[in-house]
Amino acid sequence: MPKRIKSRKSKIGVAPGSLIHVGEHVNDDVKIQLISYNEDIFNKASYENIEKCLSACNNDAINWINVDGLHEVEVISSAGKRFNIHPLILEDILNTTQRPKIDIDNNYIFIVIKMLYYNKDIKEIESEQVSIIILKNYILSFQEFQGDIFDDLRRRLEYNKSNIRSKGTDYLAYSLIDTIVDSYFDIIENIGDSIDEIEDILMSNPSNEILNDIYKFKRELIFLRNSVWPLREVLGKLVKSEYELIDDKTVMYLRDVYDHTIQVVDIIETYRDILSGMLDTYLSSISNKTNEVMKILTIFSTIFIPLSFLTGIYGMNFDYIPELKFKYGYLVFWIITIFCILVMLNYFRRKKWL
Amino acid sequence: MPKRIKSRKSKIGVAPGSLIHVGEHVNDDVKIQLISYNEDIFNKASYENIEKCLSACNNDAINWINVDGLHEVEVISSAGKRFNIHPLILEDILNTTQRPKIDIDNNYIFIVIKMLYYNKDIKEIESEQVSIIILKNYILSFQEFQGDIFDDLRRRLEYNKSNIRSKGTDYLAYSLIDTIVDSYFDIIENIGDSIDEIEDILMSNPSNEILNDIYKFKRELIFLRNSVWPLREVLGKLVKSEYELIDDKTVMYLRDVYDHTIQVVDIIETYRDILSGMLDTYLSSISNKTNEVMKILTIFSTIFIPLSFLTGIYGMNFDYIPELKFKYGYLVFWIITIFCILVMLNYFRRKKWL
Amino acid sequence: MPKRIKSRKSKIGVAPGSLIHVGEHVNDDVKIQLISYNEDIFNKASYENIEKCLSACNNDAINWINVDGLHEVEVISSAGKRFNIHPLILEDILNTTQRPKIDIDNNYIFIVIKMLYYNKDIKEIESEQVSIIILKNYILSFQEFQGDIFDDLRRRLEYNKSNIRSKGTDYLAYSLIDTIVDSYFDIIENIGDSIDEIEDILMSNPSNEILNDIYKFKRELIFLRNSVWPLREVLGKLVKSEYELIDDKTVMYLRDVYDHTIQVVDIIETYRDILSGMLDTYLSSISNKTNEVMKILTIFSTIFIPLSFLTGIYGMNFDYIPELKFKYGYLVFWIITIFCILVMLNYFRRKKWL
Amino acid sequence: MPKRIKSRKSKIGVAPGSLIHVGEHVNDDVKIQLISYNEDIFNKASYENIEKCLSACNNDAINWINVDGLHEVEVISSAGKRFNIHPLILEDILNTTQRPKIDIDNNYIFIVIKMLYYNKDIKEIESEQVSIIILKNYILSFQEFQGDIFDDLRRRLEYNKSNIRSKGTDYLAYSLIDTIVDSYFDIIENIGDSIDEIEDILMSNPSNEILNDIYKFKRELIFLRNSVWPLREVLGKLVKSEYELIDDKTVMYLRDVYDHTIQVVDIIETYRDILSGMLDTYLSSISNKTNEVMKILTIFSTIFIPLSFLTGIYGMNFDYIPELKFKYGYLVFWIITIFCILVMLNYFRRKKWL
Amino acid sequence: MPKRIKSRKSKIGVAPGSLIHVGEHVNDDVKIQLISYNEDIFNKASYENIEKCLSACNNDAINWINVDGLHEVEVISSAGKRFNIHPLILEDILNTTQRPKIDIDNNYIFIVIKMLYYNKDIKEIESEQVSIIILKNYILSFQEFQGDIFDDLRRRLEYNKSNIRSKGTDYLAYSLIDTIVDSYFDIIENIGDSIDEIEDILMSNPSNEILNDIYKFKRELIFLRNSVWPLREVLGKLVKSEYELIDDKTVMYLRDVYDHTIQVVDIIETYRDILSGMLDTYLSSISNKTNEVMKILTIFSTIFIPLSFLTGIYGMNFDYIPELKFKYGYLVFWIITIFCILVMLNYFRRKKWL
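The rules we used
- Residues numbered from 1 in each chain as written.
- Chains lettered and ligands numbered in written order.
- Predicted model: local features only at pLDDT ≥ 70, side-chain atom pairs only at ≥ 80, totals over all residues.
- Heavy atoms only, no water.
- Helix = DSSP H or I, 4+ residues; strand = E, 2+ residues; numbered from the N terminus.
- Polar contact = N/O pair within 3.5 Å; in protein donor to acceptor, adjacent residues only side chain to side chain.
- Contact = heavy atoms within 4.5 Å.
- Domains from an automatic or database assignment.
- Buried area = accessible area lost by both parts, 1.4 Å probe.
- Salt bridge = Lys/Arg side-chain N within 4 Å of Asp/Glu carboxyl O.
- Phe/Tyr/Trp six-rings, centres within 6.5 Å; stacked < 30°, edge-to-face > 60°.
- Lys NZ or Arg CZ within 6 Å of the ring centre and 35° of its normal.
- Nonpolar A, V, L, I, M, F, W, Y, C, P; charged D, E, K, R; others polar.

A. Structural detail: the side chain of B:N66. Residues and elements named next belong to chain B. Note on placement: N66 falls in strand 3 (residues 62-68). Engagement of the side chain of N66 in a polar contact is seen with the side chain of D68, the distance being 3.2 Å. In terms of polar contacts, N66 uses its side chain to reach the side chain of Q143, at 3.1 Å. Discounting residues that sit within four places of it in the chain, N66 has contacts with K31, I32, Q33, S141, Q143, D148 and R154.

Given below as structure tokens:
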């Protein structure tokens, strides 16, 4: 949890708009990649320096600048100056504890979104913040770590298979968001499979660990919901309002992603309901089992404790215990014993304990 | 669950609008049926090829094209081209993991709805996605599997009993939706009967299996609600807004289906409330039973354990135990014993344990 | 439950507007009563035939046609034709599984409402559907069974005590609804009394049956809420909008019924909260009791089991047990025993178990 | 409860607007008090007769008529006729089971509000209905019982300390409501203190009675919320809309009471959350204790039951038990016994039971 | 709790607008600090007397008057008269039990906000009410106690590092609120760390104290939410509406704080969900443990109680017990004993208890 439901490092007294990186520090270099394209051209290049990258941009094309790594504050501040981005926006990019949000300005749209990965080994969701700034001919994307899920998209851009190169930055932004939302379904499928397994165990032979598993997935779903739920609002805002930067035709596509987001939220809520139901069922089944155990103990005890008392009596060393002298005393003892056992067994059978 | 709360197969990096069938694959051929009708004519024919079907359409009549089976992507793409359907819509038809939705375009209305069947053998709800596209003179319906519940509707169309043939595609679409929603009541009735049975068992002799049954129906109801709840929105949108394709007179009918949908949702919520109440009651009744079992054990133990101790004392082999020599020792022992038993019984009676 | 949370008999494939009676079938004849009144006249007559009744109507007066029994479909269909009622409305009248609803047409308002009776013997609420159609000079009311709670209203109409005869159909409709809503308070009072009784038992000596009682009333309240909650919407619609058929002065009265409905819903929710609180309290109190029982068992066992072991030792028949030969062996045994008992009692007293 | 969550006595069939007193009957006389004041004059007088009181009113001043006791229906009906109040309003005044409500007419505003008292002896909230009618120069207030919390307000009016005498009926009405809402804080403080006590007990030594206390305060809070929550709506309506009778300057004051009401509701919800948390904690702590008790029982039993079996063996009277003849038999027995005890203790220590 | 979920001291009958300090009384002197600044000048001075402070204000600069301590009512009333503040506002400043609120007047904006501190020793949140009044050239802030978190802000003002001195009172107010909201993240981080610790204990070895910890943090979160939730509304109002006193450019900054507030509320709700999940898990794990304990007890008891009975039989002193005379009686006894033990062990192994 500490790493995932992160809160901002306390920045009390720091001037707003001050650029401070809040997040996991990595040692990798910041990697800057520029893809310039239109229907005719496609250029892909990597830079270590933001200035060079900016000067390499092609004004006749759409320029997608992707920055991997946020720990070099100057990169963000240079880009911010170049495109006249509000300092608070830059602060938001650097602060990786944002919830998904949208900020709309006259000449750009700023979107924060969470890229999620499912770590199958520890069965935990890992999160990376992606910030996207949509401008007229530029699109800036900022990621925390190197390596992402946009490679297929880059290939589609390069090999001209799709009509994506004839469209604007809004469509590219849509493609980025769509890719991320699509990846959510992957996570959900993984969690769904795990929940199925838990359910099978619950139905057959619920062990102790099931409890921790239920708790764990409940928490993963809370985390997932927190990452996806605000995105619904973000996309809803993008779809409902009218902005110059967003083409009418792209709105149709954005509505599609919006629908997917709702679907994801729906499934998350369903899974949470199911997990809650499981916990209730588990608790009841444990109570049930305790009841069963108690019955066995009680049956044995109530049969044998009185009989042991009986044996105790005739084990006493009183000088005068007349029964001990009877010839058939021992036989009568056994008759009484067996009679008692039968009476008790009958009693328990009538109580449906047996 | 895995088959029912399906999530989209992960399609990361695939271009939006790419037609890929997401769902259960079947080996049957795709079956295409065309029904052309107006007040005078009625033609019904089956085709294996979408092109032939499309060329057989009668422009003076209303043409209902029903496609059973989604695994031949070309069928959907041909129909899409012919009627100028947006690629994202076609993608939605092929992806059978949609939640019920509506998309309204200038010249068509697209509706996704879930056809549900109750499998009495395994007491589970099974689901099939139906997509309906309403155009001016055409209505396209896409189903996952062959065989449906529209046969009565077809008969009504053919034998002219009803006034349905004098009406437009909007009324036919209404009839399709109405048939599906009516079938929901059937499922609800079946579940209601099962819940009644569970309740009877709960009240008389709650066994262990009741727990799994409650859990199971809780899950079925979650699944059912997820299929019906979004339909409410879909129909609400259809009823409230004004579209050229929907006649004012049909709106009255659609409002009727809308009411039915709300009724279904209502009953589902009621059943969920009842099941939750059952689980609480069951848990309390188990605790209660454990308490009863404990009381029996405690009564027997507290009476006989001290007495056994007493017998133990006089079973000891100390050389000098004066009581053993007393003439009435054994008699006194019994008097003490019976006195103890009476005191304990009285104690338990005052505690209302007996 | 099966009789009360009824769902529509499955009518898949039946044309919408087909008149089929869905509900409990009764053998009584359908009883049709006509009351014609204005400030001067008052006529009350019963008919077995709807045509005769319709022809007996007085166009200068207000005509209240009350139909008891829905199993003769022709009655409803004749009335429907005469007053030009939409087939779907007629279908709704016949289907007694409706939730309270309102449908507003140009020349009539259609209201479905639930008349509820509290059966004190089985402590269950019984329900009867009442449909009311308000027209300019006519009011039609349809009930499932004979006998109702409108007799006082009829008497007020007849003996001219109130000013009701000088008012229109809207005021009569209000009077009908008001009478029904007033009867809800009666039911609530009965349930409230029962809940009081349960509470007294809960506080003093919670027995096993209390659980079933709590569950039962929880279910009755769910049923009651389902009958009353939608009525709130119905009346809200009637109050807020402006219809020609509803006089401005009557709106004031309708708002009063609306307030009462809210009050009923409020009390229902309060009772549900209280019952939930009771169940929680009961569960905790059972756990508490089990804990008490366990303590008693544990006190007795932990005191006497070790002592029994001690007696067992000196009851052994080893040839050489030196303690047995000691003169004061038996005395020492008792001293140890009493010491052990005192230590244990002290231990339990410090643990606050005694 | 029966006295507090009162429902209307069933009045089925009674004409709406019929004046019937619904509430606790008291034997006191109805007390009518008239306070006439403006900046210059202040007259206070009591009457037994409403007519005399009405004729004593001063048209140049603001007249506050306060009626204590509702069982004399004529008083209310006379006042109603004099000020032209709608019969339904009069019915509402007499029916003391109202929830707080507001009714706005052309020439008056009618407000129902609950005056609450905390009875420290039985730790229960008692309720009295206050109805206020605001007219141009008149303010009518109706209370169920004699004695109220308005004495300070009367003193402020009389001794001219405040500027209240220069203001209209709206400000007086505000003062009445403000006084009542202020008194809610008193109740909340009392309940808060009790909850603190319960919490202390819960944390230190939760006894059985805590359960009933939690349940009791939960119920008191439900009752309190039901009395205060609708008041929020009432005041919200008064603040948001524009009425001739309410001066713009008074709205500022009303908004202040509105804020206080929200604050009360907030605290109530907080207390309910806390009580729920307590119940959960209590239930868990009981389970915990049972677990502790069980552990003690199990430790003693598992140590001594096998050992008792061992003593039993060597207490048997078989002719040939070789061990009994061994010289060191008894010594070996003790060694085995102590070894067993140590093994078991170690086992429990490793299980962290000790 | 009593100190934190404070309710207003009962002020029934006190005229509205009466200035009475409601809160913790402190003995410190009231400290008044004036900071006058614009782009050129910066003056900081402390006063013991409000009149002197007011006369020292610089009309060409922005004057920030900060009052520490509310127990000298005259200070507030003098300031109120000077700036023409409504008496109800002054009352609100003095009453430290307010929830965060906003009041907007023609010439000033009044904001109540809670400054929170996390006391790590007792792991409790402590609260201090801060009231801010924004005027054209003046900003008044009132705090309960001396010492605050605004020192960094004062330093930024003084050393001209930031552009804050070129902006108006709205930006200073924003800076104050921003500082407070930033400090919330600090508290949340502390609580988050504690929750992590609880979780670790829960997963490994849940002890009894964990229950009190969960309860305690649940309560702290309720308290925190109550302090932050209304702030959301306050800022929402400030952001959405248009006021002369708030510059358009500052709105962007306020929206940023608004986002942070939502983020805080989000995390609080997440933590509450997690704590609830923990409690459920804990309860289940306790039930589980009790079940385990019961199993051990039952295994030992059901094996040895019947065997003890057997030894009891052959410990009896009947004159005639034939088995005792058998040569291999003792051997047979052991064979039977071991057989019984093996049967029981096998039984428990099949039941998966071992």
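B. How the structure looks around the domain arrangement of chain A. All names here are of chain A. According to the domain assignment, chain A contains domain 1 (9-284) and domain 2 (285-350). Across the boundary between the two partners, domain 1 contributes six residues, which contact five residues of domain 2. Together domain 1 and domain 2 conceal approximately 420 Å² of surface at their shared face, both sides included; 38% is due to carbon and sulfur atoms. The largest contributions to the domain 1 side of the interface with domain 2 come from P206, Y282 and S284, which together make up 72% of the buried area. Inspection of the region where domain 1 meets domain 2 yields zero salt bridges. Inspection of the domain 1/domain 2 interface yields nine residue pairs in polar contact (both at pLDDT 80 or more).

C. Structural detail: the packing of aromatic side chains. Under the definition given, this model contains 78 aromatic pairs over all chains. Relative to D:F150, the ring of D:W64 lies with its centre 6.2 Å away and its plane at 65 degrees, an arrangement referred to as edge-to-face. In this pair, D:W64 sits in strand 3 (residues 62-68) while D:F150 sits in the loop between strand 7 (138-143) and helix 4 (151-158), placing the two residues 86 residues apart along the sequence. Each member of the aromatic cluster is reached from another via a ring pair, and the members are A:F300, A:F304, A:Y314, A:Y330, A:F333, A:W334, E:F309 and E:F318. It is C:K167 that lies over the ring of C:Y171; its NZ or CZ is 4.4 Å from the centre. In this structure, C:R232 packs its charged tip against the face of C:W229, placed 4.4 Å from the ring centre.

D. View of the interface of chain B and chain C. Counting from both sides, the interface comprises 70 residues of chain B and, opposite them, 63 residues of chain C. Between chain B and chain C, the buried area comes to about 5,900 Å², and carbon and sulfur atoms account for 63% of it. For chain B, the biggest contributors to the area lost against chain C are B:M252, B:F309 and B:F318; these three give 12% of the whole. At the junction of chain B with chain C, the criterion picks out five salt bridges. The salt bridge involving C:R99 is made with B:D266; its shortest N-O contact spans 3.2 Å. Remark: the boundary between chain B and chain C carries 16 residue pairs in polar contact (both at pLDDT 80 or more). Residue assignment for the side of chain B that touches chain C shows that the elements contributing at least two residues are helix 4 (151-158), helix 5 (169-204), helix 7 (248-313), helix 8 (322-325) and helix 9 (329-350) of chain B. Across the side of chain B that touches chain C, the residue classes break down as 30 nonpolar, 21 polar and 19 charged.

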